[in-house]
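Structure assessment
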Amino acid sequence: MSYLVMEVHPAYAVVLDEEGRFLKAANLRYQVGDTVRDIVELRHPREKRPALWKPLSGVAGLAACLCLVFFGYYQPNFVPYGALRIQINPDVELTLSRTDRVLELEGLNEDGRALIEGYDYHGKDREDVTGALVERAIDQGYLSGGETVSITVTSSDAHWQAREEQEARDDLEERYGETIVIQIGSAPTEPPVTEVVIPVAPATPEPAPAPADPPAVPDDPEDSPGSGGETGDADRDDDWDDGDEDDDGDQDDDEDDQDDNEDDEDDEDDEDDEDDRNEDD
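Right, let's walk through the structure included here.

Conventions and cut-offs
Residues numbered from 1 in each chain as written. Predicted model: local features only at pLDDT ≥ 70, side-chain atom pairs only at ≥ 80, totals over all residues. Heavy atoms only, no water. Phe/Tyr/Trp six-rings, centres within 6.5 Å; stacked < 30°, edge-to-face > 60°. Helix = DSSP H or I, 4+ residues; strand = E, 2+ residues; numbered from the N terminus. Buried < 20%, exposed > 50% of the residue type's maximum accessible area, 1.4 Å probe, protein only. Expected span 1.5 Å × (residues − 1). Contact = heavy atoms within 4.5 Å. Pairing = 2+ DSSP bridges. Salt bridge = Lys/Arg side-chain N within 4 Å of Asp/Glu carboxyl O. Polar contact = N/O pair within 3.5 Å; in protein donor to acceptor, adjacent residues only side chain to side chain. Axes fitted to C-alpha atoms, helices over the stretch in contact; angles between N-to-C directions. Parallel < 35°, antiparallel > 145°, perpendicular 65-115°, else oblique. Left-handed = near helix turned anticlockwise from the far one by under 90°.

On to the packing of aromatic side chains. One pass over the structure, following the stated rule, counts one aromatic pair. On the basis of an interplanar angle of 85 degrees and a centroid distance of 5.2 Å, the ring pair of Tyr81 and Trp160 is categorised as edge-to-face. Within this pair, whereas Tyr81 is found in the loop between α1 (53-78) and β5 (82-87), its partner Trp160 is found in helix α4 (residues 158-176), the two being separated by 79 residues in sequence. Residue class for Trp160 comes out buried when judged on its relative accessible area of 2%.

We now examine helix α3 (residues 126-139). Compared with the 20 Å implied by 1.5 Å per residue over 14 residues, the 20 Å span of α3 between its first and last C-alpha is a close match. Where the residues of α3 are buried, they touch β5, β6 (91-96), β7 (102-107), α2 (110-116) and α4. Within two residues after α3, Gly141 carries a phi angle of roughly 85 degrees, on the positive side.

Strands in a sheet are paired, the pairing made by backbone hydrogen bonds, and the direction either parallel or antiparallel. Taken in spatial order, the four strands line up as β3-β2-β1-β4 in an open sheet, and their pairing is antiparallel. Both edges of this open sheet fall to β3 (22-26) and β4 (35-36), since each of them pairs with a single strand only.

Time to look at the pattern of salt bridges. For the structure shown, the criterion picks out eleven salt bridges. A salt bridge links Arg126 to Glu167; the nearest nitrogen and oxygen atoms lie 3.1 Å apart. One end of the pair, Arg126, is in helix α3; the other, Glu167, is in helix α4, with 41 residues separating them in the sequence. Overall, Arg126 belongs to the buried group, its relative accessible area being 3%. When the shortest N-O distance is used, the salt bridge between Arg163 and Glu167 registers 3.7 Å. Placement of both Arg163 and Glu167 in helix α4 is noted, with a separation of four residues, approximately one turn of the helix.

As a further point, take the side chain of Asp91. With respect to the helices and strands, Asp91 occurs in strand β6. There is a polar contact of 2.5 Å between the side chain of Asp91 and the side chain of Arg85. Discounting chain neighbours no more than four positions away, the residues touching Asp91 are Arg85, Ile86, Glu106, Gly107, Leu108, Asn109 and Gly112.

The N-to-C vectors of α3 and α4 enclose an angle of 45 degrees; their axes lie 10 Å apart at closest approach. With respect to α4, the element α3 is oriented oblique. By crossing handedness, the relation of α3 to α4 is classed as right-handed. Contact with α3, carried on its side by Arg126, Glu127, Asp128, Thr130, Gly131, Val134, Glu135 and Ile138, involves Glu164, Glu167, Ala168, Asp171, Leu172, Arg175 and Tyr176 of α4 and no other residues of that element.

Let us look at the pairing of β5. When you tally the buried positions in β5, you get five out of six residues, the bulk of the element. The pairing of β5 with β6 spans six bridges and is classified as antiparallel. Residue Ala83 lies in a different strand from β6, and its bridge partner there is Thr95. Count of turn residues in the β5/β6 antiparallel hairpin: three residues. As defined by bridge partners, β5 adjoins strand β8 (residues 148-154) across five bridges and the pair is classed as antiparallel. Bridge pairing in β8 places Ala83 opposite Thr154.

Here is the structure:
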């Protein structure tokens, strides 16, 4: 194929091929109007396709930045890491981050809720909040000289827990050590009152007393009490004597009745014997 040189430049020449295409070729000392057969065509570099890993690298970089922000700033400052409990008479609990930021403040009893009412703890650290709560307890009459403040820290990190307890104790002792006692651990609780129930058996009813015999009525109305004559012991002795005589008389009457019955039975036996003899005759 032959080519017609159309333009000449120091580094390349523009040629026209038999098909009517303009091509760039290396300038091998060509002159305009020359006809040449072999040329060194200069081709444009092919467009490179974007690598697939480049968009992924951007996403990975963004994720790395988010992890750095979360683990480097958000987690140490805004994720609960432990709790600090303060027991005076009010009982309150502070939820702490790893960097001692107070994330939540809760009253565990009625006095504790009254103590923290109206107090803004947001954006404050453990040292500021504990000192303010002790001050409020003193002002409200919950804490006075010589009384004890108990501090307890709970966390899954034993090293952090021990460090927080010691630092909280040191901070309070530095401020109030001359007036109050700071101790680590829960306040002692009073033992529960044990009720002792003693069963009491129902009282056994006493038997009713037998009815007393009616007093004997004296035959002589003049001998009865209050009817005149002598009173006192003599009247009572007479009454007893009369009663004894009446009893003896009744006994004699019973014996007489028994003798009469025996005589009647003897008479009946005699009559029967007499009837038997008459029948034999």
